[in-house]
Amino acid sequence: MADFAKMSVSVTQQCFRASLLFLAISYTQCLSLNTACIEVKKAYAEKGFDENEVPITAISGMDLSICPHTETCCTRSMEDKLVSLTNKEHIRQLDEPFKLLKTNFASRTKKFDEFFTDLLDNARRDLHEMFVKTYGLLYQQNAQIFAQLFDDLRGYYKGKDKNLVEVMENFFSKLLQRMFELINATYKFDDDYLVCVTERMNDLKPFGDVPQKLSLHVKRSFIAARTFVQGLAIGRDVVSTVMEIAPSDACVKAIVRMTYCPYCRGLTSTKPCSNYCLNTMKGCLAQHADLNDVWNAYIDALNMLAGRLEGPFNIESVVDPLDVKISEAIMNLQENSQKVTTQ
């Protein structure tokens, strides 16, 4: 019995010591979290909120809707404010790279448009100055034919529904009719006769092969140029649309769990591990990721167009010498005037 009594006392002492140890650990943990609430006050104030909203000591988290219902330094009101803050931070973080991309597209669209319109304007001016010196009054009396050509080319580039082959055919047809009348000034031709002359232009080849070659080059280069500038504008508009995609509620809650739930436990300096962060962002950017393949294909197409504009469809090599090419066509007609008239 004495041994049993001793054993009972020993068990009682062990239980008492275990209880004291548990209470000490619990007190230490509680003290640690209460101390951490002071750090939360500082961090909460740095976010622009009132630090007096943060409890001095840890409270129950049963009212929280996102973070765990354990002891916490955050109230439900604080959690709601952190949700709102997370939404704003996420939008701002996405806005910065998207704004840069949008600005880049807008700038390139404007620069290419200015470059191309200046190119056309310069070609128009060069032709006018050259033809005034070369043909004088005869050109000035018929300048509208050339002005119409540049108006049509500019209109096509700006998006008007025009057929470039028809634009070039109409120009050379009007030019042929007017020059045919000037070459044969002693005769009077009615409209039917002049129409007949232009209808046989492919057989007569009064301008040599200039119309065919120039029409081909203009068609290829202008189609590529218009497609390129429209493609740049589409990229700008797509980025603007994507910027308007608001984060989902599930995304915001996931970021709060990752960022601010540890924060409410006093872990204000703790960063999430990379895999956790990546998985969270994948969920938030799922809609953006759906555009990835299409966007890459679009960028590849733009690069291909840019390469063609610098290479075989070089727009400068087509627009710059327009005055020389048209003058060459006129000289061909002058040389073949007798043959053309006879035929």
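Residues numbered from 1 in each chain as written. Predicted model: local features only at pLDDT ≥ 70, side-chain atom pairs only at ≥ 80, totals over all residues. Heavy atoms only, no water.

Enquirer: What should I look at first to understand the overall build of the protein chain in this one?
Expert: A tally of regular secondary structure across the protein chain gives 15 helices and 0 strands. Relative to its full complement of 343 residues, the protein chain shows a buried share of 36%. Long-range contacts, defined here as pairs at least 24 residues apart, represent 73% of the contacts in the protein chain between residues at least 6 apart. About 20,800 Å² of surface is accessible on the protein chain, with carbon and sulfur atoms providing 55% of the total. (Helix = DSSP H or I, 4+ residues; strand = E, 2+ residues; numbered from the N terminus. Buried < 20%, exposed > 50% of the residue type's maximum accessible area, 1.4 Å probe, protein only. Contact = heavy atoms within 4.5 Å. Areas by Shrake-Rupley, 256 points an atom, 1.4 Å probe, with all protein chains shown as cover.)

Enquirer: What is the right way to read helix α9 (residues 249–264) from this model?
Expert: Three or four residues apart is the spacing at which side chains of an α-helix point the same way, because the helix has 3.6 residues per turn. At R257, α9 shows its maximal bend, which comes to roughly 40°. Among all positions of α9, only C251, V252, I255, V256, M258, Y260, C261, Y263 and C264 are buried. At the C-terminal side of α9, G266 shows a positive phi close to 95°. (Bend = angle between axes of the 7 residues up to and from the residue.)

Enquirer: Teacher, can you tell me more about the layout of surface pockets here?
Expert: A water-sized probe, rolled over the atoms, reveals where empty space remains. By volume, the largest pocket is sized at about 400 Å³. Together, 19 residues line the largest pocket, and K47, E89, T259, Y260 and K271 are the ones closest to its centre. If you list the elements that add at least two residues to the lining of the largest pocket, you get α1 (2–46), α2 (76–135), α9 and α10 (274–284). With 5 residues, the top contributor of residues to the lining of the largest pocket is α9. (1 Å grid on protein atoms, 1.4 Å probe; cavity = no way out; pocket = protein on both sides within 12 Å on 5 of 7 lines; lining within 4 Å. Points joined across faces, edges and corners; volume = space filled by probe spheres on them.)

Enquirer: Sorry if this is basic, but what is going on with the state of the cysteines here?
Expert: As used here, a disulfide is simply a covalent bond connecting the sulfur atoms of two cysteines. On inspection of all chains with the given rule, the structure shows 4 disulfides. Here C67 is linked by a disulfide to C261, with a sulfur-sulfur distance of 2.1 Å. In this structure, the disulfide formed by C67 and C261 twists by about -90° around the S-S bond and is classed as left-handed. Pair noted here: C67 is in the loop between α1 and α2 and C261 is in helix α9, with a separation of 194 residues, a long-range link. (Disulfide = S-S within 2.5 Å.)

Enquirer: Would you explain the confidence of the model for the protein chain in this entry?
Expert: Low pLDDT marks regions whose predicted coordinates should not be analysed in detail. Per-chain confidence: the protein chain averages 85 in pLDDT, with 90% of residues scoring 70 or above. Put simply, α1 is where the protein chain has its lowest mean pLDDT, 52, and helix α4 (residues 143–157) is where it has its highest, 95. The low-confidence segment residues 1–31 (pLDDT under 50) makes 0 contacts with residues lying over four places distant or belonging to another chain. (pLDDT = per-residue confidence, 0-100.)

Enquirer: Explain helix α12 (residues 292–310) here, please?
Expert: Between its first and last C-alpha, α12 extends 27 Å over 19 residues, near the 27 Å set by a 1.5 Å rise per residue. Within the sequence span of α12, burial applies to Y298, L302, L305 and L309. Axial view of α12: buried residues confined to an arc of 60°, hence all on one face. Those residues of α12 that are exposed and aimed more than 90 degrees away from the buried face are D293, D300, N303 and E310. Taken together, the buried residues of α12 touch α2, α8 (210–243) and α13 (315–319). (Expected span 1.5 Å × (residues − 1). Arc of directions from axis to C-beta.)

Enquirer: Sorry if this is basic, but what is going on with a negative patch on the surface here?
Expert: Residues D126, E129, E316 and D320 make up a contiguous surface patch of negative charge. Along the chain, D320 falls in the loop between α13 and α14 (322–335). (Patch = residues over 30% accessible without salt bridge, like charges linked within 9 Å, V, L, I, M, F, W, Y side chains within 5 Å. Salt bridge = Lys/Arg side-chain N within 4 Å of Asp/Glu carboxyl O. Lys, Arg positive; Asp, Glu negative; His and termini not counted. Charge placed at Lys NZ, Arg CZ, Asp CG, Glu CD.)

Enquirer: For this particular structure, what's the right way to read the pattern of salt bridges?
Expert: Side-chain pairs of opposite charge can arise where the charged atoms are in close proximity. One pass over the full model with this rule turns up 12 salt bridges. Taking the shortest distance from any N to any O, the salt bridge between E39 and K42 comes out at 3.8 Å. Linking E39 with K42, this pair stays in helix α1, spanning 3 residues, or about one helical turn. The residue D80 makes a salt bridge to R76 at a minimum N-O spacing of 3.3 Å. Here the residue D80 and the residue R76 both occupy positions in helix α2, the gap between them amounting to 4 residues, near one helical turn.

Enquirer: Sorry if this is basic, but what is going on with the packing of aromatic side chains here?
Expert: Aromatic ring pairs are defined here through the distance separating the ring centres and the angle between the ring planes. For the coordinates displayed, the defined rule picks out 17 aromatic pairs. Residues F131 and Y139 carry aromatic rings whose centres are separated by 5.6 Å and whose planes lie at 70° to one another, so their mutual orientation is edge-to-face. For F131, a relative accessible area of 0% corresponds to the buried category. Each ring, one from F131 and one from F146, has its centre 5.2 Å from the other, and the planes form 75°; the classification is edge-to-face. Taken together, the positions of F131 in helix α2 and F146 in helix α4 put the pair 15 residues apart, joining distant regions of the chain. Exposure remark for F146: the relative accessible area of 6% places this residue in the buried category. (Phe/Tyr/Trp six-rings, centres within 6.5 Å; stacked < 30°, edge-to-face > 60°.)

Enquirer: How do you make sense of the side chain of T86 when you look at a structure like this?
Expert: Among the structural elements, T86 can be located in helix α2. Contacts of T86, omitting those with residues within four sequence positions, involve V252, I255, V256 and Y260.

Enquirer: In this structure, what is going on with the environment of P262? I would like to understand it.
Expert: Mapped onto the elements, P262 comes out in helix α9. Linking P262 and P68, residues 194 residues apart in sequence, is a C-alpha distance of 9.6 Å. With residues near it in sequence (within four places) discarded, P262 still touches R257 and L267.

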